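Here's the letter readout for the chains.
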Amino acid sequence: MRTYFLILIWALPISLSAQALWQKTEYGMSPKDVRALMPDAIDPKKISNLNSGAMELLQIEDFVVVHRHFSVHFYFSDKKLEQVTLTLKRREEDTFHSYMQTFDSLSEALRAKYGAEVSKDKKDYDGYRRVEAMWMSGRTNIGILLFDVYGSLLLNVNYQVRISKESEKL
C-alpha cells in the first residue's frame, strides 16, 4: 500500500504538467513528439514567428472542420510546443459574411465541447471589423479571432496557455 501511495505522489506532478492543446497535442511537446501524433504534419515551406518569438516548425496543410479547409500551424519556443493555430483557407467567393458563418459554426462546435464562452467581443469601425470569442479548458485558452481590414480577411482558432501563464503571477 505504501509503495502504491509513493508511486501516486511521484506521478502526480507529471499528470498535472501535461496540458492539452489541440487534438492530442500537449504544451511542451517536442516537434518529434508532435510529428508522431500527427503523421500529416510537415516542415513548413516558410517559417513564421509569433510576437512571443515562438517559431512555426510544423504544419498540416489541409484539415477540414465545420465543412471548411484550414491549415494547422504548430509554434514552438526552445523546441517545446507553445501554441497551435488553425487558419481558415480563403476561397475566391469568400466574404465577411461567409467568414462570420464559419466563426459561428466553430463557436457552436466549441460550445458543444467546452461549454459557454468565457468572453465574446465584436468591434466594427470604418474599414475594420474584429470578432473574437474565448473558451478555457483547464489551463488552455481556446480562442477564435476573425479580422476584416478593408476586405482582407483572417480567421484563426488558437490553442495556447498565454493567459494561464500570466495568471500564475497573481
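Anyway, here's the lowdown on the structure attached to this text. (Residues numbered from 1 in each chain as written. Predicted model: local features only at pLDDT ≥ 70, side-chain atom pairs only at ≥ 80, totals over all residues. Heavy atoms only, no water.)

Attention now moves to the overall build of the chain. Within the chain, the secondary structure is distributed over four helices and seven strands. Going from the N terminus to the C terminus, the chain shows its helices and strands as α-α-β-β-β-α-β-β-β-β-α. By the burial criterion, 37% of the 170 residues in the chain qualify as buried. For the chain, the proportion of contacts with a sequence separation of at least 24, taken over those separated by at least 6, is 40%. (Helix = DSSP H or I, 4+ residues; strand = E, 2+ residues; numbered from the N terminus. Buried < 20%, exposed > 50% of the residue type's maximum accessible area, 1.4 Å probe, protein only. Contact = heavy atoms within 4.5 Å.)

Looking now at helix α3 (residues 96–114). Between its first and last C-alpha atoms α3 spans 26 Å; for 19 residues at 1.5 Å apiece the expected length is 27 Å, and the two agree. Of all the positions in α3, only F96, S98, Y99, M100, T102, F103, L106, S107 and L110 are classed as buried. Of the residues trailing α3, G115 is marked for its positive phi of about 90°. (Expected span 1.5 Å × (residues − 1).)

Next up on the list: the nonpolar core. With 34 residues, the main nonpolar core has W22, F74, V84, L155 and Y159 as its most contacted residues. For this core, the secondary-structure elements that each account for two or more residues are β1 (55–65), β2 (68–77), β3 (80–88), α3, β5 (128–137), β6 (140–149) and β7 (152–160). Here this core takes six residues from α3, the largest share from any one element. (Core = buried A, V, L, I, M, F, W, Y, C linked by side-chain atoms within 4.5 Å.)

Turning our eyes to something else, we now look at the sheet that holds β6. Read from one edge to the other, the open sheet built from seven strands follows the order β1-β2-β3-β7-β6-β5-β4, with strand pairing classed as antiparallel. Edge strands, defined here as strands with exactly one partner in the open sheet, are β1 and β4 (119–125). Mean inter-strand twist for the sheet, computed between neighbouring axes without regard to direction, equals 15°. (Pairing = 2+ DSSP bridges. Axes fitted to C-alpha atoms, helices over the stretch in contact; angles between N-to-C directions.)

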